[in-house]
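Per-entry structural report
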Amino acid sequence: MRHNCSFVKGRFTGDPSYEYEHTETKKAENQDGDKIDGAEEENIIMIKEEDRLSTTIEAIDYDVRIVPRGAFSRTALGNVEVNRSFEGLSVADSGKLSSYFHFREPFLLTQKTLLQKAELDKAIDFLDPIDTDVPKGGSWSIQFERGSGLVTLRSLHWLGFIFYHVPGSRKYGSIYVGLGTKNLDLPFML
């Protein structure tokens, strides 16, 4: 479904039963599986808007769902739990991209050097930090509001996504109010 929905471009219609039509052409094959020169088959794929919406939400959630460093901890058995001793980031730490992690299955931490791994706390540094996102350092915009009473992070890939954290407290969250299209031109805009 993800592959089929990737062909649909443009805004959503707002009607979950609306169906997009995508025509896929491929070379015709004979019974032996050999391709026939000059012959093509057309395959029409119908994609419902509700399927496209669910794959878009999944993509947004995977790319930009973040949490502050230390908000979750991993137990010795490997279970991820809410860290009850988390009291929020300091004002200084809340202004660093390295203090925020993607809340998804980690895959980048296995590529770190031994020196970098030695500096990590295995109980709270088990997720991928957002400062390693591509383009490096240019995927997020960080701003302080109300002096240093609130920090907001905005995704430059998914325009309309905002994460907030109140330094020194357990309060954090996020919201997405956008068009559901990823900004693929970001590397060219920087």
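The written sequence of each chain sets the order in which its residues are numbered from 1. Only residues with pLDDT of at least 70 get local features here, since the model is predicted, and only at 80 or more are side-chain atom pairs given and counted; chain-wide, interface and lining totals rely on the full set of residues. To get the side-chain values, take all heavy atoms of the structure and skip hydrogens and water.

- If you look the chain up in an unreviewed UniProt entry, it shows as Radial spoke head protein 9 homolog from Desmophyllum pertusum.

1. Focus on the environment of Ser 155
- Within the secondary structure, Ser 155 sits in strand β8 (residues 150–155).
- Relative accessible area decides the class of each residue, using a 1.4 Å probe on protein chains only: under 20% of the type maximum gives buried, over 50% gives exposed, and in between gives partly exposed. According to the relative accessible area criterion, Ser 155 is buried, its value standing at 3%.
- Considered as a pair, Ser 155 and Asp 63 are 92 residues apart in the sequence and their alpha carbons are 9.3 Å apart.
- Contacts are assigned to residue pairs that have any heavy atoms within 4.5 Å of one another. Residue contacts for Ser 155: discarding those within four places in its chain leaves Val 64, Ser 139, Trp 140 and Phe 161.
- Polar contact criterion, stated in full: a pair of N or O atoms within 3.5 Å, where within protein one must be able to donate a hydrogen and the other to accept it, and residues adjacent in sequence count only if both atoms are side-chain atoms. Among the polar contacts listed, one links the side chain of Ser 155 to the backbone nitrogen of His 157, at a separation of 3.2 Å.
- Side-chain polar atoms of Ser 155 contact the backbone nitrogen of Trp 158, separated by 3.1 Å. Elements are defined by DSSP. Helices are runs of H or I of four residues or more, strands are runs of E of two residues or more, and each kind is numbered from the N terminus.

2. Focus on the pairing of strand β9 (residues 161–165)
- Here β9 shows a clear split, with Phe 161, Phe 163 and His 165 buried on one side and none of Ile 162 and Tyr 164 buried on the other.
- Two strands are said to pair when DSSP picks up at least two bridges between them. Relative to β9, β8 is paired through four bridges, and the arrangement is antiparallel. Pairing of Leu 153 across the sheet is with Phe 163, part of β9.
- Hairpin connection of β8 to β9: five residues between the antiparallel strands, including Gly 160 at a positive phi of 115°.

3. A look at the nonpolar core
- Within this scheme, the nonpolar core is defined by two criteria: the residues are buried Ala, Val, Leu, Ile, Met, Phe, Trp, Tyr or Cys, and they are joined through side-chain atoms within 4.5 Å. In terms of nonpolar packing, the biggest core is built from 13 residues, with Val 64, Ile 66, Tyr 100, Ile 130, Trp 140, Leu 153 and Phe 163 touching the most fellow members.
- With sequence-adjacent residues up to four places away left out, Phe 163 is seen in contact with Ile 66, Val 67, Pro 68, Tyr 100, Val 151, Thr 152, Leu 153, Tyr 172, Gly 173 and Ser 174.
- Counting residues in hydrophobic clusters, the runner-up holds seven residues, among them Ala 71, Phe 72, Phe 86 and Phe 101.

4. Considerations on the sheet that holds strand β10 (residues 172–176)
- Strand order in the open sheet formed by four strands is β7-β8-β9-β10, with antiparallel pairing between adjacent strands. Taken across any chain shown, the strands that pair with only one partner, and hence form the sheet edges, are β7 (140–145) and β10. On average, each strand axis in the sheet is tilted by 20° relative to the strand beside it, whichever way the strands run.
- Across six bridges, the pairing between β7 and β8 is antiparallel. Across the sheet, Trp 140 pairs through a bridge with Ser 155, a residue of β8. The axes used here are C-alpha line fits, helices contributing only the stretch in contact, and every angle between their N-to-C directions lies in the interval 0 to 180 degrees.

5. Things to note about the environment of Arg 69
- Here Arg 69 shows up in the loop between β3 (66–68) and β4 (72–74).
- Expressed as a C-alpha distance, the spacing of Arg 69 and Phe 163, which sit 94 residues apart in the sequence, is 14 Å.
- Other than its neighbours up to four places away in sequence, Arg 69 contacts Phe 86, Leu 89, Ser 99, Tyr 100, Phe 101, Asp 121, Ile 124 and Asp 125.
- Engagement of the side chain of Arg 69 in a polar contact is seen with the side chain of Asp 125, the distance being 2.8 Å.

6. What about the pattern of salt bridges?
- Basic side-chain nitrogens of Lys or Arg form a salt bridge, by our definition, when they fall within 4 Å of a carboxyl oxygen of Asp or Glu. One pass over the structure, following the stated rule, counts six salt bridges.
- Measuring nitrogen to oxygen at the nearest pair gives 3.2 Å for the salt bridge that ties Arg 2 to Glu 58. On the criterion of sequence distance, the pair formed by Arg 2 in helix α1 (residues 2–5) and Glu 58 in helix α2 (residues 49–64) is long-range, its members being 56 residues apart.
- On the accessibility criterion, Arg 2 (58% relative accessible area) is exposed.
- Accessibility expressed as a relative area gives 40% for Glu 58, which makes it partly exposed.
- Lys 48 serves as the salt-bridge partner of Glu 50, at 3.9 Å between the closest nitrogen and oxygen.

7. Overview of α2
- A helix is expected to span 1.5 Å for every residue after the first. With 16 residues, α2 extends 22 Å from end C-alpha to end C-alpha; this agrees with the ideal 22 Å at 1.5 Å per step.
- For α2, the full list of buried residues reads Glu 49, Arg 52, Thr 55, Thr 56, Ile 60, Asp 63 and Val 64. The buried residues of α2 occupy an angular sector of 140° when projected down its axis, which confines them to one face. Directions pointing from the helix axis toward each C-beta atom define the arc.

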